[in-house]
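Observations on the model geometry
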Amino acid sequence: MATGKIIKALSGFYYVLHEGIVYQCRGRGVFRKKKITPLVGDIVEFQAETLKEGYILSIEKRENELVRPPIANVDQALIVTSTVNPDFNPLLLDRFLVLVESKRLQPVIVISKMDQTEEEKLPSIMEYQRIYETIGYPVLLSSMHDQEKLNEIERQLANKTTVIAGQSGVGKSSLLNFLDPTLDIETDEISESLGRGKHTTRHVELYNIAGGLVADTPGFSSLDFGDLQLEELGECFPEFVAVQDDCKFRGCLHVKEPKCAVKAGVENRSIAGHRYNHYLQFVEEIKNRKPRY
Ligand SMILES: Nc1nc2c(ncn2[C@@H]2O[C@H](COP(=O)(O)OP(=O)(O)OP(=O)(O)O)[C@@H](O)[C@H]2O)c(=O)[nH]1
Ligand SMILES: [Mg+2]
Ligand SMILES: [Zn+2]
């Protein structure tokens, strides 16, 4: 019996990494009966006669668990947003940040395709970088032609389990390939020739990169907040949390309440206006959410 980590789940098999070797395993029938599905990221006890004939015996308690992508025991999320193709989209970035914050994962922002950025767009990208860094988020720039920037991203990955998230086409899979060319993960160009259409990445897999484990995930075209409650939304904006004790009312939602420290912050520009506007938009979205039964 040995302990390992599931790095891939495909066609009923679980691939378990143990001391640098991957064992192909099946789950035990008992999991199905108990309706437990082993997840990528799970730490498991397993037994394997050969590399291809293993069985997962038990699953260790999870630190956390994501539904989309289905993965367990994640430390941080790399949110990739490109400068062009698709255009830089602060609304979508804030949406991803809220989702990542609501799962209590550490977000790291990556702005990709810097080599394609037009000169006149640079000041605005730099301004966004400054704003998000002031909030406390690491913001890394990435370009396929800049090894130094890629090294900086690598340093963020060591000794951690990371999910990489972002809109389709921003270059998530490409980034992993730049970091480790031997991975040879499918990207956009290849899928077009196969006529598969947009989403290139389809299964979840943890890759060993720079001393950490990284999961590539399929990009999304839309994202909703699941069952995130209105009262929890403000908690997902660290710069609001930093001042909320100065709001007059406890439990202030920073919308219509008087003497609100967040609104005061927006007025004196210590809080970015675009972040607050997105917050208001998310408030409406959550208020108008249809109940699910
Ligand atoms: N010029 C340039 N192109 C890039 C860079 N990174 C990615 N690309 C291109 O962007 C396109 C999309 O890249 P992918 O890596 O497939 O994007 P993805 O985010 O994995 O997309 P999904 O798997 O659909 O979610 C490809 O044609 C890449 O060659 C970059 O740094 N510079
Ligand atoms: Mg991809
Ligand atoms: Zn307030």
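Keep in mind the model is a prediction, meaning the values are calculated, not measured.

Some remarks on the side chain of D216
Looking at where D216 falls in the secondary structure, it is placed in strand β13 (residues 212-216). One buried charge, D216, has no salt-bridge partner; the nearest side chain with opposite charge is K172, at 5.8 Å.

Notes on the domain arrangement of the chain
For the chain, the assigned domains read domain 1 (2-61), domain 2 (71-216) and domain 3 (230-287). Just the C-alpha atoms count here: the centres of domain 2 and domain 3 sit 27 Å apart. At the junction of the two partners, domain 2 supplies 13 residues and domain 3 supplies 12 residues. In this assembly, domain 2 packs against domain 3 so that about 1100 Å² is buried in total across both faces, 67% of it on carbon and sulfur atoms. Taken as a group, L91, V98 and I135 account for 42% of the area that domain 2 buries against domain 3, more than any other trio of residues on that side. At the junction of domain 2 with domain 3, the criterion picks out two salt bridges. Across the pair R95 and E285 runs a salt bridge whose closest N-O atoms are separated by 2.9 Å. Counting residues per element, the ones that place at least two in the side of domain 2 that touches domain 3 are α2 (90-102) and α3 (122-135). For the side of domain 2 that touches domain 3, the element with the highest residue contribution is α2, accounting for eight residues.

What about the environment of G136?
With respect to the secondary-structure elements, G136 resides in the loop between α3 and β10 (139-141). Its relative accessible area of 52% is what places G136 among the exposed residues. With 30 residues separating them in the primary sequence, G136 and Q106 have C-alpha atoms 10 Å apart.

A look at the side chain of H274
Tracing the backbone shows H274 in helix α10 (residues 273-287). A polar atom in the side chain of H274 sits 2.9 Å from the side chain of Y132.

Some remarks on the coordination of the zinc ion (ligand 3)
For the zinc ion (ligand 3), the full set of protein donor atoms is C247 (SG), C252 (SG), H254 (ND1) and C260 (SG), and the range of their distances to it is 2.1 to 2.4 Å. Between the four donor atoms coordinating the zinc ion (ligand 3), the angles at the centre fall across 106 to 113°, so the site counts as tetrahedral. Ordering the donors of the zinc ion (ligand 3) by residue number gives the pattern C-x4-C-x1-H-x5-C. Side by side, C252 and C260 carry an identical accessibility label, which is buried.

Description of the UniProt feature "binding site: Zn(2+)" (unreviewed entry) in the chain
The sites that UniProt annotates as "binding site: Zn(2+)" (unreviewed entry) are C247, C252, H254 and C260. Its place among the elements puts C252 in the loop between α8 (238-241) and α9 (261-267). Residue C252 is classed as buried on the basis of its relative accessible area, which comes to 10%. With residues near it in sequence (within four places) discarded, C252 still touches C247, E257 and C260. Examined against the element boundaries, C260 turns out to sit in the loop between α8 and α9. Among the residues examined, C260 registers a relative accessible area of 6% and is labelled buried.

Focus: the confidence of the model for the chain
With 94% of its residues at a pLDDT of at least 70, the chain reaches an overall mean of 91. Contacts for the low-pLDDT stretch residues 190-197, under 50 throughout, to residues beyond four places or in other chains number seven contacts.

Side note on the packing of aromatic side chains
Counted according to the given criterion, the structure contains eight aromatic pairs. Ring geometry for F225 against F282: centres 4.9 Å apart, planes inclined by 70°, an arrangement best described as edge-to-face. Note that F225 is positioned in the loop between β13 and α7 (230-233) and F282 in helix α10, a separation of 57 residues in sequence. Exposure class is identical for F225 and F282. Each is buried. When the ring centre of Y15 is taken as origin, the NZ or CZ atom of K8, which lies over that ring, is 4.8 Å away.

Comments concerning the packing of helix α4 (residues 147-157) against helix α5 (residues 172-179)
Relative orientation of the contacting elements α4 and α5 amounts to 95°, with a least axis distance of 10 Å. The pairing of α4 with α5 is recorded here as roughly perpendicular in orientation. Between α4, through L150, I153, E154 and L157, and α5, the contact on the second element is made entirely by L175, F178 and L179.

Conventions used here
- Residues numbered from 1 in each chain as written.
- Chains lettered and ligands numbered in written order.
- Predicted model: local features only at pLDDT ≥ 70, side-chain atom pairs only at ≥ 80, totals over all residues.
- Heavy atoms only, no water.
- Helix = DSSP H or I, 4+ residues; strand = E, 2+ residues; numbered from the N terminus.
- Buried < 20%, exposed > 50% of the residue type's maximum accessible area, 1.4 Å probe, protein only.
- Lys, Arg positive; Asp, Glu negative; His and termini not counted.
- Salt bridge = Lys/Arg side-chain N within 4 Å of Asp/Glu carboxyl O.
- Domains from an automatic or database assignment.
- Contact = heavy atoms within 4.5 Å.
- Buried area = accessible area lost by both parts, 1.4 Å probe.
- Polar contact = N/O pair within 3.5 Å; in protein donor to acceptor, adjacent residues only side chain to side chain.
- Donors = N, O, S within 2.8 Å, 3.2 Å for Na, K, Ca; no water.
- Tetrahedral: all angles 85-135°; square planar, octahedral: opposite > 155°, others 65-115°.
- UniProt positions renumbered as here; feature names shortened; annotations may be inferred.
- pLDDT = per-residue confidence, 0-100.
- Phe/Tyr/Trp six-rings, centres within 6.5 Å; stacked < 30°, edge-to-face > 60°.
- Lys NZ or Arg CZ within 6 Å of the ring centre and 35° of its normal.
- Axes fitted to C-alpha atoms, helices over the stretch in contact; angles between N-to-C directions.
- Parallel < 35°, antiparallel > 145°, perpendicular 65-115°, else oblique.

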